[in-house]
Amino acid sequence: MIEVQEKQDIRKLSVDQLKSWMAEHGEKAFRAKQIYEWIWKKSASSFAEMTNLSLATRQLIDENFVINSMTVAKQQQSNDGTIKSAFKLFDGHLVEGVLIPAADRMTACVSSQVGCSLTCKFCATGYMERKRNLDAAEIYDQVVAIARQAEASFKAPLTNIVYMGMGEPLLNYTAVLKSIEHITSPEGLNMSPKRITVSTAGIAKMIKKLGDDEVRFRLALSLHAANDEKRNRIMPINESNSLDNLAEALNYFYKKTGNRITFEYIVFNNFNDTLEDARELWEFTKRVPARVNIIEYNPIAEADFKNTEADRLDKFAAFLEDRGVSVHVRRSRGKDIDAACGQLANKEK
């Protein structure tokens, strides 16, 4: 039996690798740059779209490569305008991405893994098994699809990207950074890295690596408790990445990059919403230069946590503001379609 070789996704090749391949097959090297532009600047999902290539060249690359682009399996729109999409990958796996519209911005929330391995107790994705990492092109595809939704539904361009969907971005380090390279490159989507935020549950050695790599995007830490005992209970990753270790890593990152850090803090009713909790958070902000996003909790079926009461949230935020902390209270968006923070779980099969 003749073994059929599986075609490689052409997007896994660098432009130099593509030039070499084209030369080996009797094609001009500049054709590689044209293909690369079609892939990353024009977001082509098929070789047939590459109309400035000859039919023979298109047939040649079609015979040897594929573009494993994803498709929108399902799209839902919330009462507040938020759009959640279930994206189907080439191998049948699903991930979710969200468009969050606001008066002054259009934000894409994208996933970096199919599932997650970190088992945070309040997050729906944490109750899923991690199937695999996404590659850079699959993350890029989410951004392109959500940008098109922004244009189609709101006649507005995408302005911001947050890596806050399914998965832990720093456990898919290489692909996440490669996707950001394609998104920010002039040869790609040409977005400013300052409009991109990568959120981590807190992996100290990888935060330091971001500093060593002198990344230009912003970093957010999912904090949710500013003492180790409480954080251990809701985020098992804290047992091997204590707050002391994270403070050291975050200061290293800030020293290397000068990039702003954000602490994300979900307020759970009668767990981390007292003024003593606020005091601990204030003390932690004195150790690391950061602003604080206080986030309403969005209940999930798998956990018993509830959102704090409005007056407790207001007092919590006021305590921090009175002490000079930059605080933003982030209201939930897309709760009615399970698109809000912590709710992404691929209910569509």
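Residues numbered from 1 in each chain as written. Predicted model: local features only at pLDDT ≥ 70, side-chain atom pairs only at ≥ 80, totals over all residues. Heavy atoms only, no water.

As annotated in an unreviewed UniProt entry, the protein carries the name Probable dual-specificity RNA methyltransferase RlmN and is attributed to Dyadobacter frigoris. Check the Sequence similarities (unreviewed entry) section of the UniProt entry for the protein; it says "Belongs to the radical SAM superfamily. RlmN family." Turning to the protein, the UniProt record has this under Subcellular location (unreviewed entry): "Cytoplasm". (UniProt positions renumbered as here; feature names shortened; annotations may be inferred.)

## Remarks on the packing of aromatic side chains
Counted under the stated rule, the structure contains twelve aromatic pairs. Arranged with centres 6.3 Å apart and planes meeting at 80°, the rings of Tyr297 and Phe305 form a pair that is edge-to-face. Look at Tyr297 and you get buried, because its relative accessible area is 2%. By way of ring pairs, the aromatic residues Phe122, Phe268, Phe271, Tyr297 and Phe305 are connected into one cluster. The ring of Tyr252 carries the charged tip of Lys208 above its face, separated from the ring centre by 6.0 Å. (Phe/Tyr/Trp six-rings, centres within 6.5 Å; stacked < 30°, edge-to-face > 60°. Buried < 20%, exposed > 50% of the residue type's maximum accessible area, 1.4 Å probe, protein only. Lys NZ or Arg CZ within 6 Å of the ring centre and 35° of its normal.)

## Considering the sheet that holds strand S4 (residues 83-88)
Overall, mixed pairing links the ten strands, which are arranged S3-S4-S5-S6-S9-S10-S11-S12-S13-S14 in an open sheet. Each of the sheet's edge strands pairs with one partner strand only, and the pair in question is strand S3 (71-77) and strand S14 (327-330). Mean inter-strand twist for the sheet, computed between neighbouring axes without regard to direction, equals 20°. Two elements, S4 and strand S5 (residues 94-101), share six bridges in a ladder whose sense is antiparallel. Bridging from a neighbouring strand, Phe87 pairs with Val95 of S5. The strands touched by helix H4 (residues 136-154) within the sheet are S3, S4, S5, strand S6 (106-109) and strand S9 (160-163), with S5 carrying the most contacts at an inclination of about 40°. Its contacts with the sheet put helix H10 (residues 310-322) on strand S12 (261-267), strand S13 (290-296) and S14, and the angle it makes with S13 is roughly 175°. (Pairing = 2+ DSSP bridges. Helix = DSSP H or I, 4+ residues; strand = E, 2+ residues; numbered from the N terminus. Axes fitted to C-alpha atoms, helices over the stretch in contact; angles between N-to-C directions. Contact = heavy atoms within 4.5 Å.)

## Some words on the domain arrangement of the protein
One frequent convention defines the size of an interface as the accessible area lost when the parts assemble. When its domains are assigned, the protein resolves into domain 1 (8-66) and domain 2 (71-337). Its C-alpha centre places domain 1 at a distance of 35 Å from the equivalent point of domain 2. At the interface, eight residues of domain 1 touch eleven residues of domain 2. The contact between domain 1 and domain 2 buries some 850 Å² in all, and 47% of this surface belongs to carbon and sulfur atoms. On inspection of domain 1 and its partner domain 2, the count reaches two salt bridges. Ionic pairing is found between Asp141 and Arg11, a salt bridge with its closest N-O pair at 2.8 Å. One can count six residue pairs in polar contact (both at pLDDT 80 or more) joining domain 1 with domain 2. Here the side of domain 1 that touches domain 2 is built from residues that sort into three nonpolar, one polar and four charged. (Domains from an automatic or database assignment. Buried area = accessible area lost by both parts, 1.4 Å probe. Salt bridge = Lys/Arg side-chain N within 4 Å of Asp/Glu carboxyl O. Polar contact = N/O pair within 3.5 Å; in protein donor to acceptor, adjacent residues only side chain to side chain. Nonpolar A, V, L, I, M, F, W, Y, C, P; charged D, E, K, R; others polar.)

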